[in-house]
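Close look at the chain arrangement
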Amino acid sequence: MEKIIDCRNITKSYANGSVEPTQVLKGITFSVARGEFVAIMGPSGSGKSTLMHILGALDTPTSGDYFLDGKNVAGLSEDELADVRMEKIGFVFQSFNLLPRTTVLRNVALPLIYAGISKEQRVKIAEKALRDSAFPEAAWQYHSNQISGGMMQRVAIARSLVNDPAMILADEPTGNLDSKTGDVVLHTFQALNADHGKTIVLITHEQYVAEHADRIIHILDGNIVKDEKNPHKLVARNEKNIAP
Amino acid sequence: MKFNDLIEEVYNAITVNKVRSGLTMLGIVIGIASVIAMVAIGQGTQATVQANIQSLGANLLMVMPGAARSFGTSVSAGFGSAETLTPDDATALAALPNVAAVAPEISGRYQAVYGSENTNTTVMGTVPAYLQVRNVQVDQGSFFTATDVTNSNRVAVIGPNVLSELFATPTNASPTPDMAIGKNILIKGNIFTVIGVTVAKGGSGFASQDNNIYVPLTAAQHYLVGSMGYVSEIDIEVQAEQAMSTVEQAATSLLLERHGISDPTQADFNIVNQADIVSAVSATTGTFTTLLASIAAISLLVGGIGIMNMMLTTVTERTREIGLRKAIGAKERDITLQFLGESLALTFSGGVLGVLLGWGIALGMAYFASTATQVSLGSVILAFGVSALIGIAFGYYPARRAAKMNPIEALRYE
């Protein structure tokens, strides 16, 4: 099966002024196939954030190779990394990171500006992404600060879809939401994975959230300690009555 | 990132915080407006002063007597006191090439009396050519003729100020010229008949021609000065501006020869070129304009620092937005352009409003305060250029700071 993520013995160290640099990742090797829904789990300080930054091409590994959709990302320049992020990755952050006082539609279309896509195209693609992430059409013209947290995260999910990425990288996507709203967001991910075949990598420290994925990778102290198929996958309920 | 998308992003970012953008822009608006208005006032004043000097007569050379020196001593009795210029000098000067007209003058301050009213004013003995040389026009009646000069007729043409001084009555404070024409006035005890009144020229102080009484040269010499031998000034009107210096040199050598002086430094006369006065006055008003403009430029600089301050605040405030933009594919260049674009948009629109406001102030000054103002294209272009430059200079540092941000740290920023 085609590998979207192929990490080979990735390490990451930070020089912190002392003699020995701190090694945060100590040789991570794993791969993710197209269409998989993977959760990466670990307590804080385990190195999962650092791994997420490398997987998201926000940072480069100290050593080792990282092939994203067949392209080696290790050792690329800042601008080349920006291109990789634009073409291959859709980000969903814990704190949504929407532009304030800007309409939902504009927020979703934002990444396409940097891809140089024309305005009419941008609107079309953004509308499709909003439909795919089940965002109610009535609220498309709302400003991002007029909608609830759950809706904000769905705007962020729609935004992650517009560049048709090789994978969606979600960093604690339910961390700022109550459990009910969190379920709606998880349902959206499961639907995107099941119905649209999107590859999803979900970073979390919550067992409950991780159990919505097909496969769970456990990280501890910079190493993968467990990598197994999720034996009892949870299916998120979709509460329709979420206020916009 | 396409150009029109950049414009849209910039527009969006500025309108999201209208009050702050507006206040920041106000700094530039005030700076530009004051530069435009100050320069307009300075240049307007300069133009007015120059026009006033020009109204004294076009292409004018004034020959004044030098300081009187007694033979064998170096005691100077003061500039203009010598009685060295004669009516014959004037006749000789009139024969020089490129000379349009020559008017010898003899003037002094005398008491003029009509009925119970009297005034002490300048009485100018001259010839009809004075009208042309000194750009004087007669409102009603007529100026005296060459015949009046030849015959030493006691006729007088009075300025409008003299008219109101002498002919005002308790019932009529602003007499009309026809109330004076034909009447006899006494100047230094001699009867002169008023035959005309000149057009008001404005101007103020001693130099105003509106205070003058004009009489024939010979009549002034005969009845007022008591000597036919000298004149106090000879005015020469040159045909064309380009010939001014040629005529000045020719007049100098002619007078030196006529007065029998071989060393030009010992000349007993001075020739004042009107162009010299204009350029001296222009230099003064130019300094004045520069002074006003530099004070205004300081406020423009302060406005620019305001822009930089706001941009730095904005960059800090929007750290996470910058992180997000970088995460979704914005390159350093895109971020730099966006923030530079925002500061440029602020200064540019501030510049447009500032030019309009400054223009308005200049028009207002001209209308309400009757201060002459002149908005020049040069100052408008300069103001625009400076505001664009401020946008780039004060926007570049914050923009680079935004572009250099690490996306990971920017996204984590609280």
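The structure displayed is predicted, hence computed values, not measured ones.

For helix α11 (residues 332-368) of chain B, spanning 37 residues, the distance from its first C-alpha to its last is 53 Å, which sits close to the expected 54 Å at 1.5 Å a residue. Phi turns positive one or two residues past the end of α11 of chain B, at S370 of chain B, with a value near 40°.

Turning next to the packing of helix α2 (residues 18-55) of chain B against helix α9 (residues 274-317) of chain B. Residues and elements named next belong to chain B. Put simply, α2 and α9 touch, their axes get as near as 8 Å, and they point 175° apart. It follows that α2 is roughly antiparallel to α9 by the angle criterion. Across the contact of α2 with α9, the residue classes break down as 19 nonpolar, 22 polar and two charged.

As enumerated under the stated definition, the model contains eight aromatic pairs over all chains in all. The interplanar angle of 5° and the centroid separation of 5.4 Å between the aromatic rings of F91 of chain A and F93 of chain A together place this pair among those described as stacked. A network of ring pairs unites the aromatic residues Y130, F143, F144 and Y214 of chain B as a single cluster. Positioned above the aromatic ring of Y223 of chain B is the side chain of R154 of chain B, whose terminal nitrogen or guanidinium carbon lies 4.9 Å from the ring centre.

In this section: the interface of chain A and chain B. With 27 residues of chain A in contact, the opposing surface of chain B contributes 24 residues. Among the residues chain A hides against chain B, the three largest losses belong to N97, R106 and Y114 of chain A. Together they make up 26% of the total. Viewed at the interface, chain B and chain A are joined by five salt bridges. The residue R106 of chain A makes a salt bridge to E8 of chain B at a minimum N-O spacing of 2.7 Å. The tally of links from chain A across to chain B stands at twelve residue pairs in polar contact (both at pLDDT 80 or more). Elements with a minimum of two residues in the side of chain A that touches chain B: α2 (78-88), α3 (104-114) and α4 (119-132) of chain A. Partitioning the side of chain A that touches chain B into residue classes produces twelve nonpolar, six polar and nine charged.

Within the structure shown, the criterion is met by 27 salt bridges over all chains. Where D6 of chain A meets R8 of chain A, a salt bridge forms, and the shortest distance between an N and an O atom there is 2.8 Å. We note a salt bridge from R215 of chain A to D227 of chain A, for which the minimum N-O separation is 2.9 Å. Taken together, the residues span a long stretch of sequence, with R215 of chain A in strand β9 (residues 215-220) and D227 of chain A in strand β10 (residues 223-229) at a distance of twelve residues. Residue classification places R215 of chain A among the buried positions, given a relative accessible area of 12%. On the basis of relative accessible area, D227 of chain A is assigned to the partly exposed category, the value being 37%. Taken together, the shared-partner salt bridges in this structure form one network comprising R106 and K119 of chain A together with E8, E9, R318, E321, R325 and E342 of chain B.

Rules of the game
- Position numbers for residues start from 1 in each chain and track the written sequence from start to end.
- Naming scheme: in the order in which they are written, chains are lettered from A and ligands are numbered from 1.
- Totals for whole chains, interfaces and linings use every residue, but because this is a predicted model, local features are given only for residues with pLDDT of at least 70 and side-chain atom pairs only at 80 or more, for both listing and counting.
- The basis for every side-chain value is the complete set of non-hydrogen atoms in the structure, without hydrogens or water.
- Secondary structure elements are defined from DSSP: runs of H or I of at least 4 residues count as helices, runs of E of at least 2 residues count as strands, and each element is numbered from the N terminus.
- The span expected for a helix works out to 1.5 Å for each residue beyond the first.
- Every axis in this analysis is a line fitted to C-alpha atoms, fitted for helices over the stretch in contact. Angles between the N-to-C directions lie between 0 and 180 degrees.
- When describing relative orientation, an angle under 35 degrees is termed roughly parallel and one over 145 degrees roughly antiparallel, while 65 to 115 degrees is termed roughly perpendicular and anything else oblique.
- Residues were grouped as follows: Ala, Val, Leu, Ile, Met, Phe, Trp, Tyr, Cys and Pro as nonpolar; Asp, Glu, Lys and Arg as charged; and all remaining residues, including Gly, as polar.
- Stacked, tilted and edge-to-face are the three classes assigned to paired rings of Phe, Tyr and Trp, where Trp is represented by its six-membered ring and a pair needs centres within 6.5 Å; plane angles under 30 degrees give stacked, over 60 edge-to-face, the rest tilted.
- Our definition puts a charge over a ring when NZ of Lys or CZ of Arg is within 6 Å of the ring centre and also within 35 degrees of the ring normal.
- Should any heavy atoms of two residues lie within 4.5 Å, those residues are counted as being in contact.
- Here the quantity called buried area is the accessible surface, traced with a 1.4 Å probe, that two parts lose on coming together, added over both.
- The term salt bridge refers to a side-chain nitrogen of Lys or Arg lying within 4 Å of a carboxyl oxygen of Asp or Glu.
- Nitrogen and oxygen atoms within 3.5 Å of one another constitute a polar contact, given that in protein one can donate a hydrogen and the other can accept it, and given that sequence-neighbouring residues count only through two side-chain atoms.
- Accessibility here uses a 1.4 Å probe with only protein chains present; expressed as a share of the type maximum, an area under 20% marks a residue as buried, one over 50% as exposed, and anything in between as partly exposed.

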